[in-house]
Amino acid sequence: MPKFRRPSRAARVLLPGAVAVVLLAGCAQGSGGAASAAGTTAPAGTSPTTGSPAPGSPVTVTPGPDGTVAPGTLLVSDFGSDTVTFVDPARGATGSVEVGTAPYGLAVGEDGRAWVATAEGVAVVDTVSRERLALIPYRTDTGPVTTGEYRGGGMGIALAPDGRRVYVGVNVPGGNGTLEVLDTATLKVTDAVPVGRRPFDVDVSRDGAEVYATNHDSFDVTVVAVKTLETRRIEVAPYGTEGGLGSWLKPHYTAVRPSDGKLLLPFEGERLAVVDPRTGRTTIEPMTANTHQHGTTVTADGTLLTVGTGPIDPDVDEGPSLTVRTPGGAERVYPLEGPHESVAVSRDGRTAYVTGGFTRDGYWDGLTVIDLDSGDTRRLPAGSRPLGIAVL
């Protein structure tokens, strides 16, 4: 069906000033979303009003090579290799840790452990000592371990607010996926719940009572009640489901709005699907970037950041970008050079970090660093096809 068209670039409203600070790690997340985050998808940051940790926001630090603490270090998952890479935003990569084949989303807890969804299992990484502590195999049979966009294994991943459980969306090639639940104390899978196809992103409600798996190939979000593991399916298809698996117009990453717990799913730089997980109802708000969108995250004050990967149709669509959208709907669109996947925000809210890994061809090995006040950008070599990202 034809795409919905928004006003020209000249009609866009710019967002003034820096955004408030909190991170929902991508998905690629995946938060996302991200990235979850994007992937993403455990939040980390500070309160935009007090500078103290925002409620439920894990804050961790990583020592530099000389043993001193270096807050603000970035951690990216290297989808093009079997590592995660530590990145100094000023200098670039400072070291890598082997985690498992084709790592996708990642989440970081208050204790400094990172949880990384790989094709083989969930890797547990100590970000202080910079070593892998464990690789937890999936309960779900995902077939042979492979690489690439359609590989089986973990995709979106999120950490419960109390840090006791990790939730990972597991892709099963050719079929529906599962949401696996990991106990962070025993490092074992305790449950596996059926979800939709290719769970790109996993997010958790702020009270920890529900988990949301965003299923790319089935046009839906699976809502999982944590206590009972009962599930509900919410279709999220503002363009319809025509085209099925071949459609580009499918959900990718989700952000949970802090003010009311509603789910925010950007589509094509044209439509923002706002989903009430309690009722299953979806409302649509206009967006302005006019580009295929992937990773997304939201700050403590409700500012939404969304990565535009580039055009579906180069004749009518715009190129890659980052959209920053205020809670009131005003948007500023920052052009990017080449495709990107997930986004994270610095603790002071002035800088965005966008991974260049991308789930399709056209990726590159680095990050774009964006000054959200001036709009200045710079490219920073970092990792191998980096997808997920977190600020430590």
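Our structure's up above, just so we're on the same page.
Overview of the structure. In every chain, residue numbers begin from 1 and rise along the written sequence. With pLDDT at 70 or above as the cut-off, local features in this predicted model cover only qualifying residues; side-chain atom pairs require 80 or more to be listed or tallied, and sums for whole chains, interfaces and linings still use all residues. Excluded from the side-chain calculations are hydrogens and water; all other atoms, namely the structure's heavy atoms, are used.

**Considering the sheet that holds strand β7 (residues 92-98)**
Point 1. An order of β7-β6-β5-β32 is seen for the four strands of this open sheet, with the pairing classed as antiparallel. A single partner strand is all that each edge strand has here, and the edge strands are β7 and β32 (386-391). This sheet shows a mean twist of 25 degrees between the axes of neighbouring strands, independent of strand direction.
Point 2. Here strand β5 (residues 74-78) runs beside strand β6 (residues 83-88); their pairing, made up of five bridges, is antiparallel. Each bridged residue has a counterpart across the sheet, and for Ser77 the counterpart in β6 is Val84. What makes two strands pair is DSSP finding at least two bridges between them. Starting at the N terminus, helices and strands are each numbered in turn, a helix being any DSSP run of H or I of at least four residues and a strand any DSSP run of E of at least two. An axis is simply a line fitted to the C-alpha atoms; with a helix, the fit covers only the stretch in contact. Between two such axes, the angle follows the N-to-C directions and lies from 0 to 180 degrees.

**Thoughts on the pairing of strand β22 (residues 271-275)**
Consecutive residues of a regular strand have side chains that alternate between opposite faces of the sheet.
Point 1. Burial of β22 is extensive: five of the five residues sit out of reach of the surface.
Point 2. Here's how the labels work: a residue is buried when its accessible area is under 20% of the maximum for its type, exposed when over 50%, partly exposed in between, all with a 1.4 Å probe on protein chains only. Burial along β22 is two-sided: Arg271, Ala273 and Val275 and Leu272 and Val274, pointing in opposite directions, are all buried.
Point 3. Bridging between strand β21 (residues 263-267) and β22 involves five bridges; their strand directions are antiparallel. Looking across to β22, one finds that Leu264 is bridged to Val274.
Point 4. Where β21 folds back on β22, the antiparallel hairpin that results is connected by three residues, among which Glu268 adopts a positive phi of roughly 60 degrees.
Point 5. Bridge count between β22 and strand β23 (residues 282-286): five bridges; the pairing is antiparallel. Bridging from a neighbouring strand, Ala273 pairs with Ile284 of β23.
Point 6. With antiparallel pairing between neighbouring strands as the criterion, β22 and β23 make up a hairpin whose turn holds six residues, including Gly280 at a positive phi of roughly 80 degrees.

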